[in-house]
Amino acid sequence: MNEVTTIDRTQREYSEAAKKALARKPQLFINGEWVDSSGDATIDVEDPSSGKVISKFVEATDKDIDRAVAAARAAFDDRRWRDMPPVAREKIMHKIADLIEAHADELAELEAIDVGKPKGMAAVVDVPGAAAHFRYMAGWAGKAGGETLPPYSMPGGMMFAYTLKEPVGVCAQIVPWNFPLLMACLKIAPALAAGCTTILKPAEQTSLTALRLADLINEAGVPAGVVNIVTGYGHTGGDRLVKHPDVDKVAFTGSTEIGKLINRNATDTLKHVTLELGGKSPVVVMPDVDIAETAPGVSQAIFFNSGQVCVAGSRLYAHKSVFDKVVEGMAETAPFWAPRASLDPEGHMGPLVSKEQQERVLGYIDAGKRDGASVLMGGDSPSSDGGYYVNPTILTDVNPQMSVVREEIFGPVVVAQRFEDLDEVVKDANDTQYGLAAGVWTKNASAAHQIASKLQAGTVWINCHAMIDPALPFGGYKESGVGHEQGRLGLEAYMETKSVIMKL
């Protein structure tokens, strides 16, 4: 099934605020200032809706990375941030959130231009979520403390013992291209709440909002050196950060392949490491569902953000009694999800982030067809004069050995399969190297909780998908990650625990 109407995918004109951001001189944010690189290499910024180069930013050199780490090290060691009264740190973090909200329209547009996601989606998901992470973590700035503990093996009154929670130190934070602003704030906020200093490296495909965020962090009053933002490639600047001896912790969100490499490279200095990696999330649809509600819900689970989501519901398991109705209902959503230019106000799905990603996704679809999969919807790229579009795609007649079933595609492609009994579907759902998230659709609360307890996933959604909140810890089982972000666990990932024992 191909698109049902002809869509004009010409990108809209940028606002004056966006044009100003695109025209800025390529620089790095180090030690509270915009500084020139020690080299002259730059990286092109493409608008994936048109395929056109619209700006440039710095490709950081090793010397640039070392300058940023040195600034963060000095700021941590002289305690300019960690010793600030918690109420003052909290106030500054709320100010960052205020400024994000004050510049919401500009940030949503920049995100849309850079990533290809619809501006309307960025306005209701990415930007409010970014502010929410700062607001939530700001509250922890004065609440993360240790406890007094009576020694177990010593007489009462002999010893006084307590624990302290202290910031882990200088943090290297490397974020992906699918939610650049949201991921940057998700990383920076707990580091600041814990009292750490940081160097953020945004993805080389999408650095616009991270650079704009640096302006807002500076305006909010974060001391120099506490937050540094450097742009560049992962295999150069990112690798330099991971291996740097003055970096105490690495936090990375991205592919499992790169996460494994980072974990190995961080081992030489035994850095603390938090990894949020890939997924191939199953979505289980039970026979008692309301099709009219479920079909659009499982469509959104995979087509939201063009499927470029680590928790995308890319493996659909629908009970045989409702399978046909569910996939037919998904196919009926084709006009809603038809890809459009990111600044088209009618758009719900945009292009993929790059030509490379478009070719990767289309390659998987072709491989699925060669292996015997049937295309119920999409399976191709809409005709356009530019831009990296892929139509929302449903593949049926698949089996567990196919690459489209086993590997993370990171695009708007769902593989749909039938099941008959609960044990069977749980076994199939868990038959993967990944364990980031999963979904269950049913009216039976008992069945929902039984399935949720058996699924090997860090997050399980029931009758919804991708509902992520700053208060709830987020992490993966198996090869989907190490550690947690968000919530109290996300804060503690940036802290050390020290025991103090005093003889009385």
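The rules behind these values
- Residues numbered from 1 in each chain as written.
- Predicted model: local features only at pLDDT ≥ 70, side-chain atom pairs only at ≥ 80, totals over all residues.
- Heavy atoms only, no water.
- UniProt positions renumbered as here; feature names shortened; annotations may be inferred.
- Domains from an automatic or database assignment.
- Contact = heavy atoms within 4.5 Å.
- Buried area = accessible area lost by both parts, 1.4 Å probe.
- Salt bridge = Lys/Arg side-chain N within 4 Å of Asp/Glu carboxyl O.
- Polar contact = N/O pair within 3.5 Å; in protein donor to acceptor, adjacent residues only side chain to side chain.
- Helix = DSSP H or I, 4+ residues; strand = E, 2+ residues; numbered from the N terminus.
- Nonpolar A, V, L, I, M, F, W, Y, C, P; charged D, E, K, R; others polar.
- Patch = residues over 30% accessible without salt bridge, like charges linked within 9 Å, V, L, I, M, F, W, Y side chains within 5 Å.
- Areas by Shrake-Rupley, 256 points an atom, 1.4 Å probe, with all protein chains shown as cover.
- Axes fitted to C-alpha atoms, helices over the stretch in contact; angles between N-to-C directions.
- Parallel < 35°, antiparallel > 145°, perpendicular 65-115°, else oblique.
- Left-handed = near helix turned anticlockwise from the far one by under 90°.
- 1 Å grid on protein atoms, 1.4 Å probe; cavity = no way out; pocket = protein on both sides within 12 Å on 5 of 7 lines; lining within 4 Å.
- Points joined across faces, edges and corners; volume = space filled by probe spheres on them.
- Buried < 20%, exposed > 50% of the residue type's maximum accessible area, 1.4 Å probe, protein only.
- Pairing = 2+ DSSP bridges.

The name recorded for the protein in an unreviewed UniProt entry is Phenylacetaldehyde dehydrogenase, from Croceibacterium atlanticum. Checking UniProt for the protein, the heading Sequence similarities (unreviewed entry) contains the comment "Belongs to the aldehyde dehydrogenase family."

Peer 1: It is not clear to me how the domain arrangement of the protein should be interpreted in this structure. Could you clarify?
Peer 2: Often the size quoted for an interface is simply the accessible area lost on bringing the parts together. Taken domain by domain, the protein consists of domain 1 (16-277 + 480-501) and domain 2 (282-462). The C-alpha-based centres of domain 1 and domain 2 are spaced at 31 Å. Opposite the 25 residues of domain 1 that make contact, domain 2 presents 25 residues. Of the roughly 2,000 Å² buried between domain 1 and domain 2 on both sides combined, carbon and sulfur atoms contribute 60%. Between domain 1 and domain 2 we count zero salt bridges in total. Run the count over domain 1 and domain 2 and you get 12 residue pairs in polar contact (both at pLDDT 80 or more). Within the residue set of the side of domain 1 that touches domain 2, elements represented by two or more residues are α4 (104-115) and α5 (119-138). Among the residues forming the side of domain 1 that touches domain 2, the class breakdown is 10 nonpolar, nine polar and six charged.

Peer 1: What exactly am I supposed to notice about a nonpolar patch on the surface here?
Peer 2: Taken together, Phe 160, Met 502 and Leu 504 make up a surface patch of nonpolar side chains, about 320 Å² in accessible area. Assignment of secondary structure puts Met 502 in strand β19 (residues 495-503).

Peer 1: What is the right way to read the packing of helix α10 (residues 291-303) against helix α11 (residues 323-331) from this model?
Peer 2: The description of two helices packed together rests on the angle between their axes and the distance between the axes. Running from amino to carboxyl end, α10 crosses α11 at an angle of 60°, the nearest separation of the two axes being 8 Å. Relative to α11, the element α10 is oriented oblique. Helix-helix and strand crossings are classified by hand; for α10 and α11 the assignment is right-handed. Residue-level contacts link Ile 291, Ala 295, Val 298, Ser 299 and Ile 302 of α10 to Lys 325, Val 326, Gly 329 and Met 330 of α11. By residue class, the composition of the contact of α10 with α11 is six nonpolar, two polar and one charged.

Peer 1: I tried to follow the environment of Ala 138 on my own but got confused; where do I start?
Peer 2: With respect to the helices and strands, Ala 138 occurs in helix α5. A C-alpha to C-alpha distance of 29 Å links Ala 138 and Ala 266, two positions 128 residues apart in sequence. Non-local contacts of Ala 138, meaning those with residues more than four positions away in its chain, are made with Glu 90, Met 93 and His 94.

Peer 1: Is there a simple way to think about the pattern of salt bridges in this case?
Peer 2: Applying the stated criterion across every chain yields a total of 30 salt bridges. A cluster of three or more residues bridged by salt bridges with shared partners is formed by Arg 24, Glu 106, Arg 212 and Asp 215.

Peer 1: How should I be thinking about the layout of surface pockets in this particular structure?
Peer 2: Rolled over the atoms, a probe as big as a water molecule pinpoints where empty space is left. Looking at the largest pocket, its volume works out to about 1,400 Å³. Trp 177, Glu 204, Gln 205, Ser 255 and Ile 258 are the residues nearest the centre of the largest pocket, which is lined by 47 residues in total. Going through the elements one at a time, β3 (42-47), α8 (234-243), β9 (249-253), α9 (256-267) and α13 (355-370) are the ones with two or more residues in the lining of the largest pocket. Among the elements that line the lining of the largest pocket, the one with the most residues is α9, at six residues. Counting only domains with at least three residues in the lining of the largest pocket, you end up with domain 1 (16-277 + 480-501) and domain 2 (282-462).

Peer 1: When you look at the pairing of strand β7 (residues 197-201) in this model, what are you seeing that I'm missing?
Peer 2: Regular strands show a simple pattern: their side chains alternate between the two faces of the sheet. Where burial is concerned, most of β7 is hidden: five out of the five residues are buried. Alternating positions in β7 separate into two faces, Thr 197, Ile 199 and Lys 201 on one and Thr 198 and Leu 200 on the other, with burial throughout. The pairing of strand β6 (residues 170-174) with β7 spans five bridges and is classified as parallel. Looking across to β7, one finds that Ile 174 is bridged to Lys 201. Judged from the three bridges that link them, β7 and strand β8 (residues 227-229) form a sheet pairing that is parallel.

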